[in-house]
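The primary structure of each chain is shown beneath.
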Amino acid sequence: MLRFVTTNQGKVREAREYLGDGTVEQLDFDYTEIQADDLATVAAHGAREAYRHIGEPVLVDDAGLFVDAFDGFPGPYSSYVEDTVGVERVWRLTREEDDRAASFKTVLAYCDGEGFDASPEPVDHERRGQDQSAEERAAATTDDQVAAGDLPVKIFEGYVPGEIVAPRGEGGFGYDPIFEHDGTTFAEMTPEEKNAVSHRGRALAKFGEWYRERTE
Ligand code: ITT
Ligand code: NA
């Protein structure tokens, strides 16, 4: 059984919607979120720690909201900013800007203690995501990768562009009410509708395809 390592029920709902009900179990383990300015480094670290803790296959999901006008802030600090500034005030800050473009990104990090076949070139995650436009970031989120480090960790990324708007909708979680994609906020979508276009849905799609082959 695959353990989805998160304290966030919303993420688990979306993963189940995507991967199927009986395939994932939540592991409510609060791994150490190291201070790093990119999601993949944080997620890979978390996956190793969670795997060492439980000794079974784990999937960690580290996500962030990147506001273009703020050079990608809050990005890897999205959780902290939600708790301190709050979603409503992120909207009010962004409202002052002419450019309200933003994007969501998810990094899934998988670890089962084994190595991986045909590993692609390791990515220098420290350098990624900085000084990049939304287009460049989108282009950078295509391939799965193996993170450098002691225990092998496989990385899958998902990205979705959108715009920050006044809060609308009751569904979803986190920043969903202020994130609009194609005229609809994520909080106005059903979980299936959100998964069909979201950062997490895209990352889960790549992961799911790969994982089914690995476990066949
Ligand atoms: P875990 O680390 O335990 O998985 P978390 O909620 O802290 O749970 P993240 O660090 O990945 O997860 O999330 C960063 C922030 O972004 C946090 O405030 C989330 O609520 C928010 N977030 C993540 N995915 C989101 C999504 O799909 N829609 C809206 N907000 C999201
Ligand atoms: Na977190």
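Reading the values: the criteria
- Residues numbered from 1 in each chain as written.
- Chains lettered and ligands numbered in written order.
- Predicted model: local features only at pLDDT ≥ 70, side-chain atom pairs only at ≥ 80, totals over all residues.
- Core = buried A, V, L, I, M, F, W, Y, C linked by C-beta atoms within 7 Å.
- Buried ≥ 20, exposed ≤ 12 C-beta atoms within 10 Å, placed from the backbone.
- Helix = DSSP H or I, 4+ residues; strand = E, 2+ residues; numbered from the N terminus.
- Contact = placed C-beta atoms within 7 Å.
- Expected span 1.5 Å × (residues − 1).
- Pairing = 2+ DSSP bridges.
- Right-handed = clockwise from strand over helix to strand, strands pointing away.

Next up on the list: the nonpolar core. With 30 residues, the main nonpolar core has Ala 43, Ala 47, Val 58, Val 60 and Ala 109 as its most contacted residues. When contributions to this core are tallied by element, the ones reaching two or more residues are strand S1 (2–5), helix H1 (9–19), helix H2 (39–54), strand S3 (58–67), strand S5 (101–111), strand S7 (153–164) and helix H7 (199–215). Take this core: its biggest share by element is eight residues, from H2. With residues near it in sequence (within four places) discarded, Val 58 still touches Arg 3, Val 5, Leu 27, Ala 47, Ala 50, Tyr 51 and Cys 111. The next biggest cluster of nonpolar side chains, apart from the first, holds 15 residues, and it includes Val 90, Ala 102, Val 160 and Tyr 175.

The next subject is H7. Spanning 17 residues, H7 covers 24 Å between terminal C-alpha atoms, matching the ideal 24 Å at 1.5 Å per step. Among the structural elements, H1, S3, S5, S7 and helix H6 (191–197) are those in contact with the buried residues of H7.

Right, let's get into the pairing of strand S2 (residues 24–27). One ladder, built from four bridges, connects S1 with S2; its direction is parallel. Directly across from Leu 2, in S2, lies its bridge partner Val 24. Handedness of the crossover is the feature at issue here: the chain leaves S1, passes through H1, returns alongside S2, and the resulting connection is right-handed.

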